[in-house]
2 protein chains.
Amino acid sequence: MPTLLDISRKTGLSVATVSNTLNGRPGYSKATQLLVQRTAKELGYTANPLALGLLGKSTRTIGLLWSLGGPHSAEGMARDIALRMQHRGYVTHLTDSLSDPDVVGRQLADYRRRGVDAVVIQYESGVVTEEICRQLKGFSAAVAVGPVEPFDEIDWIHHDMPNGYRQAVNHLADSKRTRPALLVHAAVAVHKIKAFLEQCRELGMDVSDRSIINFPANGIHKQFASLCRQSLDERFSREFPFDSLICQCDELAAAAIAWLRERGVRVPEDVAVIGCNNAMLAESLWPPLASIERHDEKVADEIEKLVFSRLDDSDLPARRRNVQSQFIWRESAGKRLSPKTNVKLSGGL
Amino acid sequence: MPTLLDISRKTGLSVATVSNTLNGRPGYSKATQLLVQRTAKELGYTANPLALGLLGKSTRTIGLLWSLGGPHSAEGMARDIALRMQHRGYVTHLTDSLSDPDVVGRQLADYRRRGVDAVVIQYESGVVTEEICRQLKGFSAAVAVGPVEPFDEIDWIHHDMPNGYRQAVNHLADSKRTRPALLVHAAVAVHKIKAFLEQCRELGMDVSDRSIINFPANGIHKQFASLCRQSLDERFSREFPFDSLICQCDELAAAAIAWLRERGVRVPEDVAVIGCNNAMLAESLWPPLASIERHDEKVADEIEKLVFSRLDDSDLPARRRNVQSQFIWRESAGKRLSPKTNVKLSGGL
DNA sequence: CTGAAAGCGCTTACAG
DNA sequence: CTGAAAGCGCTTACAG
């Protein structure tokens, strides 16, 4: 790998001169500038990021602190972001936060030492503590992506997943469903549970704590489907007392549909089912699976914009962006009843 | 962040002494060793990877050069590997190779400059050129994961995806299917196509170039399903002339099943359908979707072992590992006929 | 047993 | 207009 010293020797100029002209510092003769630039190009010179980092300058590195362990896998995003960074000449560090503040704290410290320019942290509630915010502010840029506002003045993308759940509940109410249930990993889905219950109550539906079916899964894995059936079996040995079911991911929804089918329950006639994340397979299922679109590509857009605008100008005030999830209707959710037919058909459900 | 100088000042010892004892170099008094170690712990000292990298030592970094753009998304792996590396105190660079040798070459050069210790490159045929092998050998460790042997002495994991396709063909032959088709992105699936055709011919099935249905998708995206229907519509306006179909991914298989169902074709009675990658949703489909399990977790296991064993001992010879994909039977593939019933039933299919 | 010196590849005052 | 010098945080001969 060619260094400044190589250019210096080849041109007969000092290393300082080479560095200065290469960085566009004024006060050098046109001839020198041209000579240096030409030689640099000839040799294929690029500044060593390690050396720059040691001096506290940019290493063209961004750190992705992702909680990949959740019940859905946000991995499409990691890829998307890495590719965007790559196009801008940046390199991406990928780390799993494991949704643990201690892990996050340690990784952030490591990122600092490595001269990472910007960090993007994706979190569930409770992870971004005050101390972690302090650490985040030590980077040239930091973007928090999550459901709750960070403690401090950090650029924040509010990924509003509950919104899609509310829309889904609206649809169920429109279809005259009255006894909805929510199938989620309760430990990490507090905001979704809250949104679900609130919206149901507002619309006069019949819900209680028993409407929340806990699915005790730590992450997605191959035994997912049988685990789902098993926990449904345990809880509902006799009959399934709900007329609609929203699930935390499409995989869960598909497993639930299979389970219902085995027991002679028709979807959507007897029970409407709605998944989440809008997996590519959803529309190919039978019945096609209604879902909630995360709009991860919008999140990625905002991340890119926030990171690079701040890297350009550190004086920017803290910014907030909002990305809302969105209910996607498909047959499994049951037809929406138009206002006119409502009266006639409502008894039939 | 505490530095050696901090420890030096606090203990009154020279920076060289601190460095030497911290690195366990012999010849220092017990007292000094203890003092330095205690102080280092007190201060929470860790060596700066940037400085180490500049000296050509380990930065505890590994680079993942992934071709994420293919028709299946190998993203679960990136996460898995990143997590394993993290547990060993390493940090992971994630880069998309875009299946382009130029991109790979450039990224590899960047990795070098950044002092990356090991690189894991995942490729399709044609990407790992001789020149790229040369670059790979410049790292302390390099593992190639792909369908063809690399040119040179590089640790290689042969991820044998064609194997599962061959097993799937065997199953179809056992079930007396005679006119199989393969639905793939032909440009990148050369080895799978070859294995499919060879195995079919060996078993006396009726195949030709027309048995390969090209699906012109560059990457997985939301319009996948409708794109699939569309290309099937174009090619088979009147009737579907096959009795079985293997698809390059489960998403494609599900879309094909939906398309067949719309035209009154029964799965698996009229056409057996087999997917690939064994998505979590596969077993919850109706009929449950047969698939091909990639065994990515085994690949990840081997990657971890190969990388760290070589980092431990650079004198190891180049090693080869084999991970075979595996056909997973489910209803969509149609029942296997036992040898006895074959004779009786064979006419019925 | 310990430390002064040089150097990895760069940048930044500062002197000339 | 240009270059010598110091320094970022570390390691490695080498001298004492």
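No experiment lies behind these values; they were computed from the predicted model shown.

About the criteria used
In every chain, residue numbers begin from 1 and rise along the written sequence. Written order determines the labels here, with chains lettered from A and ligands numbered from 1. Under the rules for a predicted model, residues below a pLDDT of 70 receive no local features and side-chain atom pairs below 80 are neither given nor counted, while totals for whole chains, interfaces and linings still include all residues. Side-chain numbers come from the whole structure's heavy atoms, not from hydrogens or water. The copies were overlaid by least squares, fitting only the C-alpha atoms of residues that reach a pLDDT of 70 or more in each copy. At least two bridges found by DSSP between two strands is the condition for calling them paired. Numbering of helices and strands runs from the N terminus; a helix is a DSSP stretch of H or I covering at least four residues, while a strand is a stretch of E covering at least two. Axis definition: a line fit to C-alpha positions, over the contact stretch in the case of helices; interaxial angles, taken between N-to-C directions, run 0 to 180 degrees. Any two residues having at least one pair of non-hydrogen atoms within 4.5 Å are treated as being in contact. Reported buried area values correspond to the accessible surface (1.4 Å probe) lost by two parts on association, with both partners' losses combined. The term salt bridge refers to a side-chain nitrogen of Lys or Arg lying within 4 Å of a carboxyl oxygen of Asp or Glu. Under this definition, polar contacts are N or O atom pairs within 3.5 Å; protein pairs additionally need one hydrogen-donor-capable and one acceptor-capable atom, and for neighbouring residues in sequence, both atoms have to be side-chain atoms. Residue polarity follows a fixed list, in which Ala, Val, Leu, Ile, Met, Phe, Trp, Tyr, Cys and Pro are nonpolar, Asp, Glu, Lys and Arg are charged, and the others, Gly among them, are polar.

Peer 1: Got a minute to help me understand the relation of the copies chain A and chain B in this structure?
Peer 2: Mapping between the two copies of the chain is achieved by a rotation about an axis and a shift along the axis. Superposition record for chain A on chain B: RMSD 0.0 Å, screw rotation 180°, translation along axis 0.0 Å. On this basis, the relationship between the two copies can be described by a two-fold rotation axis.

Peer 1: How do you make sense of the sheet that holds strand β9 (residues 272-274) of chain B when you look at a structure like this?
Peer 2: Consider a sheet: its strands pair through backbone hydrogen bonds, and that pairing is either parallel or antiparallel. Residues and elements named next belong to chain B. Ordered in space as β7-β6-β8-β9, the four strands form an open sheet in which the pairing is parallel. On the outer flanks of this sheet lie β7 (212-214) and β9, each paired with one strand and no other. When the angles between neighbouring strand axes are averaged without regard to direction, this sheet yields 20°. Packing of helix α9 (residues 190-202) onto the sheet brings it into contact with β6 (180-184), β7 and β8 (244-247), and relative to β6 it is tilted by some 180°.

Peer 1: Just checking my understanding: could you explain the side chain of Thr92(B) for this structure?
Peer 2: Here Thr92(B) lies in strand β2 (residues 91-96). If near-sequence neighbours (up to four positions away) are discounted, Thr92(B) is found in contact with Thr92(A), His93(A), Leu94(A), Ile62(B), Leu64(B), Ala82(B) and Met85(B).

Peer 1: Any chance you could explain the interface of chain A and chain B here in plain terms?
Peer 2: One frequently used descriptor of interface size is the decrease in accessible area upon assembly of the parts. Each partner contributes residues to the interface: chain A has 57 residues there, and chain B has 57 residues. Carbon and sulfur atoms supply 62% of the area that chain A and chain B bury against each other, a total of about 5100 Å² over both sides. In this assembly, chain A and chain B are joined by two salt bridges. The partner of Arg79(A) in a salt bridge is Asp96(B), and the shortest N-O contact between them spans 3.7 Å. At the junction of chain A and chain B, the tally comes to 13 residue pairs in polar contact (both at pLDDT 80 or more). Only α4 (49-54), α5 (75-87), β2 (91-96), α6 (101-113), α10 (224-235) and α11 (250-262) of chain A provide two or more residues apiece to the side of chain A that touches chain B. Per element, the largest residue contribution to the side of chain A that touches chain B is seven residues, and it comes from α5(A). Each residue belonging to the side of chain A that touches chain B can be placed in one class, and the counts come to 26 nonpolar, 17 polar and 14 charged. Examined bridge by bridge, β2(A) and β2(B) share three bridges and lie antiparallel to one another.

Function cannot be read off these values alone, since they describe shape.
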